Amino acid sequence: MITIKDLKFWYSKKNIIFEGLDLQLEPGHIYGLLGKNGAGKTTLLKLFCGLNFPKSGSVSIDGTDPAKRQAGFLSEIFLLPEQISVPALTPEKFARINGPFYPAFDPARFMELLDKFEIKAKQNLSGMSYGQKKKAMIAFALAVNTRYLFLDEPTNGMDIPSKAAFRSILASAFSEDKTIILSTHMVRDLESLIDTVIILEDRRIILNTPLNLIARKLSFSRSSLSLTPAEIVYSASGELGPVNISLNHTDLEGNIDLEALFNACIYVPEKISACLVS
Amino acid sequence: MNETLNFTRFLLLVKRQWTENKTFYLLLWGIISLCLVLLNIFSDNHSLDALYIFLFSFGGCAMTVTLFSNWKDTGRSSFFLLLPASTTEKFLTGLFYGLFMYILVYAVNFLFIRIFVTCILVLLFPNNLVPFSQEIREGMKEIVSMKFSFYMVAFLTFMFFQSLCMICMIRFKRWQVFYFLFILFAILFIYNLGMHILILNNLDYVGHAFIRAPGFILTYYSPDFSYLDTSTKVQEFFSFLKPIRNINFLVWLVIFSLIYMASLFSLKERELK
């Protein structure tokens, strides 16, 4: 379990990233971490891993302080940063020298994943495109079988078939003892994957709610014909026309438009909170 | 699981480091070998000894750079910091290559090249009256009979450069080489100035000997004044200072060990911004 208590963090005192942040993340979920540029998504992932240290408050994963970067703790987490940089080695060699550090690393699974992503195991990583490097690293990230997996903008630089492959591979790699956190701007790429959405805004978390609860409480529709203006909680303009968010009066769970939800949380956070607790 | 030091994990780190950097290590070895060949050919009666020491020290710094210089590359540095091994093991891998392996390889390389160069010179000048076996014997004898203080000075200089390089590589995110050189020259300048003032003020009659001493930086930096300064007068003057000289060695050794320790703590406290 990931627990954050009263976290305060800044890179420079003039620009405080988090203040009084509390969060508890249970295993068995795929969390989608959303936020505007500079909201602190990557920083939060770094704090989870112990790459940044809290200025005050605490972060702990299964009772361990990540900042200590103990070997046993590190063998249970994997962070795939947004910017991929790899040594001039083949994926096969890369896995051979780095895989043994992770007790649950499965070399056969790594080869299988490379195959699914159509990456050659014997081609040098330095000669690959950015998307190919990313896929090779995602294959490694999934093959190490850590209990905590943090992926920062994982679909950045991927082509459309690769994004689909990534979604199905990640879904198949997930199990109840794992916690996966995906930080992304591209909500459409991952909305079918995540089961809980976390939104960061203005130094704190403004939403940390399972999608099924949101779907029970809120309704997302492209047509406003059946809605009175008073019923519309938020109306977001989209490429295919406006998306109206209103209270869901049925017992059915409808589809969620994550982009509209995100905008609503940013612009009318009180209204959304009120709807979700009602 | 031993969280601080596990031999298996350490060996994995050593293997990983070699696999990722072997091209650079072999290239460095080639450059050092070439420099050693040239130094062996052109050095005459220890006139280029300071260059041997600089070559030795900068090679060690180059080895250090490969492990701790990627902080601005978030991908590689986060992967390195999050690799499941303790910070101590990662740091020791740096010392293993930058200190232990480097010194071993340099020493073997030095001996091999001395023999190699002697062979070449004997082949090129067959009329040389001194037999080959004697040339080799003399060469080896010279290495063995070198004063302890020479090796100590070489080792301490190496440790000074390498420990300073290591802490700069770990502490700074970018421009590390610039910071390293800046701090290095600042220390040498302040140290030399201090020594210069001290010596000139207190030992007027040997002052000139110091000023014209070869390897001027090392003369003052060196804990053993008698080695680098060719002036007999200075050697005689300092001959009574042997115990002080040895204490001086020890003090430097402790200082450099502390810099290594500071580097280890810096690595533990390293954040990625």
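For the structure, check the block above.
Residues numbered from 1 in each chain as written. Chains lettered and ligands numbered in written order. Predicted model: local features only at pLDDT ≥ 70, side-chain atom pairs only at ≥ 80, totals over all residues. Heavy atoms only, no water.

Enquirer: For the overall build of chain B, give the residues involved together with the corresponding values.
Expert: What chain B contains, in helices and strands, is 12 helices and zero strands. Scanning chain B from its N terminus toward the C terminus, one meets helices and strands in the order α-α-α-α-α-α-α-α-α-α-α-α. Looking at the 273 residues of chain B, the share that counts as buried comes to 49%. Contacts spanning at least 24 positions in sequence make up 74% of the contacts within chain B whose residues lie at least 6 apart. A total of about 14200 Å² of accessible surface is found on chain B, and carbon and sulfur atoms cover 73% of it. (Helix = DSSP H or I, 4+ residues; strand = E, 2+ residues; numbered from the N terminus. Buried < 20%, exposed > 50% of the residue type's maximum accessible area, 1.4 Å probe, protein only. Contact = heavy atoms within 4.5 Å. Areas by Shrake-Rupley, 256 points an atom, 1.4 Å probe, with all protein chains shown as cover.)

Enquirer: If you had to explain the packing of helix α1 (residues 7-42) of chain B against helix α4 (residues 87-124) of chain B to someone new, which residues and values would you point to?
Expert: All names here are of chain B. Running from amino to carboxyl end, α1 crosses α4 at an angle of 30°, the nearest separation of the two axes being 9 Å. When the interaxial angle is binned, α1 and α4 end up roughly parallel. Handedness of the crossing formed by α1 with α4: right-handed. Of the residues in the contact of α1 with α4, the class split is 19 nonpolar, five polar and four charged. (Axes fitted to C-alpha atoms, helices over the stretch in contact; angles between N-to-C directions. Parallel < 35°, antiparallel > 145°, perpendicular 65-115°, else oblique. Left-handed = near helix turned anticlockwise from the far one by under 90°. Nonpolar A, V, L, I, M, F, W, Y, C, P; charged D, E, K, R; others polar.)

Enquirer: I'd like to hear about a nonpolar patch on the surface, residue by residue, with values.
Expert: All names here are of chain B. Together, W18, L26, W29, F100, L104, V105 and V108 give the surface a local cluster of nonpolar side chains, amounting to about 690 Å² of exposed area. For the nonpolar patch, the elements supplying multiple residues, two or more each, are α1 and α4. The element that contributes the greatest number of residues to the nonpolar patch is α4, accounting for four residues. Relative to the assigned elements, L26 resides in helix α1. (Patch = residues over 30% accessible without salt bridge, like charges linked within 9 Å, V, L, I, M, F, W, Y side chains within 5 Å. Salt bridge = Lys/Arg side-chain N within 4 Å of Asp/Glu carboxyl O.)

Enquirer: Can you tell me about the packing of helix α4 (residues 107-116) of chain A against helix α5 (residues 130-143) of chain A, naming the residues and giving the values?
Expert: Residue and element names in this part refer to chain A. Between α4 and α5, whose axes approach to 9 Å, the crossing angle comes to 145°. Here α4 and α5 pass one another in a crossing that is right-handed. Residues R109, F110, L113 and L114 of α4 form the contact with α5, whose own contacting residues are A136, A139, F140, L142 and A143. Classifying every residue of the contact of α4 with α5 gives eight nonpolar, no polar and one charged.

Enquirer: Explain the environment of M101 of chain B to me, using residue names and the numbers behind them.
Expert: With respect to the element layout, M101 of chain B can be found in helix α4. Along the backbone, M101 of chain B and Y52 of chain B are 49 residues apart, and their C-alpha atoms lie at a distance of 18 Å.

Enquirer: Lay out α5 of chain A in plain terms, naming residues and giving numbers.
Expert: Quick reminder: α-helices carry 3.6 residues per turn. Residues three or four places apart thus point the same way. All names here are of chain A. With 14 residues, α5 extends 20 Å between its outermost C-alpha atoms, agreeing within 8% with the 20 Å of an ideal straight helix rising 1.5 Å per residue. Burial in α5 covers these residues: G131, K133, K134, K135, A136, M137, I138, A139, F140, A141, L142 and A143. The first or second residue beyond α5 is N145, which carries a positive phi of 55°. (Expected span 1.5 Å × (residues − 1).)

Enquirer: Which residues make up the pattern of salt bridges, and what values go with them?
Expert: All names here are of chain A. Considering all chains together, one arrives at 16 salt bridges over all chains under this definition. Of the charged contacts, one joins E201 and K36 as a salt bridge, the two residues approaching to 3.5 Å between their closest N and O atoms. One end of the pair, E201, is in strand β8 (residues 196-201); the other, K36, is in the loop between β3 (29-35) and α1 (41-49), with 165 residues separating them in the sequence. For E201, a relative accessible area of 16% translates into the label buried. Its relative accessible area of 37% is what places K36 among the partly exposed residues. One salt bridge in this structure joins R147 and D62, with 2.7 Å as the shortest N-O distance. Residue R147 is found in the loop between α5 and β6 (148-152), and its partner D62 is found in the loop between β4 (56-61) and α2 (71-74); the two are separated by 85 residues along the sequence. Looking at D62, the relative accessible area reads 37%, which means it is partly exposed. Several salt bridges share partner residues, and in doing so they unite R188, E191, D257 and E259 into one network.

Enquirer: Please set out the interface of chain A and chain B residue by residue, giving values where relevant.
Expert: Each partner contributes to the interface: chain A provides 33 residues, whereas chain B provides 30 residues. Of the roughly 2700 Å² buried at the junction of chain A and chain B (both faces included), carbon and sulfur atoms supply 65%. Among the residues of chain A in contact with chain B, L51, R69 and F101 of chain A are the three that bury the most area, contributing 26% of the side total. On inspection of chain A and its partner chain B, the count reaches zero salt bridges. Scanning the region where chain A abuts chain B turns up 11 residue pairs in polar contact (both at pLDDT 80 or more). Within the residue set of the side of chain A that touches chain B, elements represented by two or more residues are β1 (2-12), α1, α2, β5 (77-80), α3 (91-98) and α5 of chain A. Ranked by residue count, the leading element in the side of chain A that touches chain B is α3 of chain A, at five residues. (Buried area = accessible area lost by both parts, 1.4 Å probe. Polar contact = N/O pair within 3.5 Å; in protein donor to acceptor, adjacent residues only side chain to side chain.)

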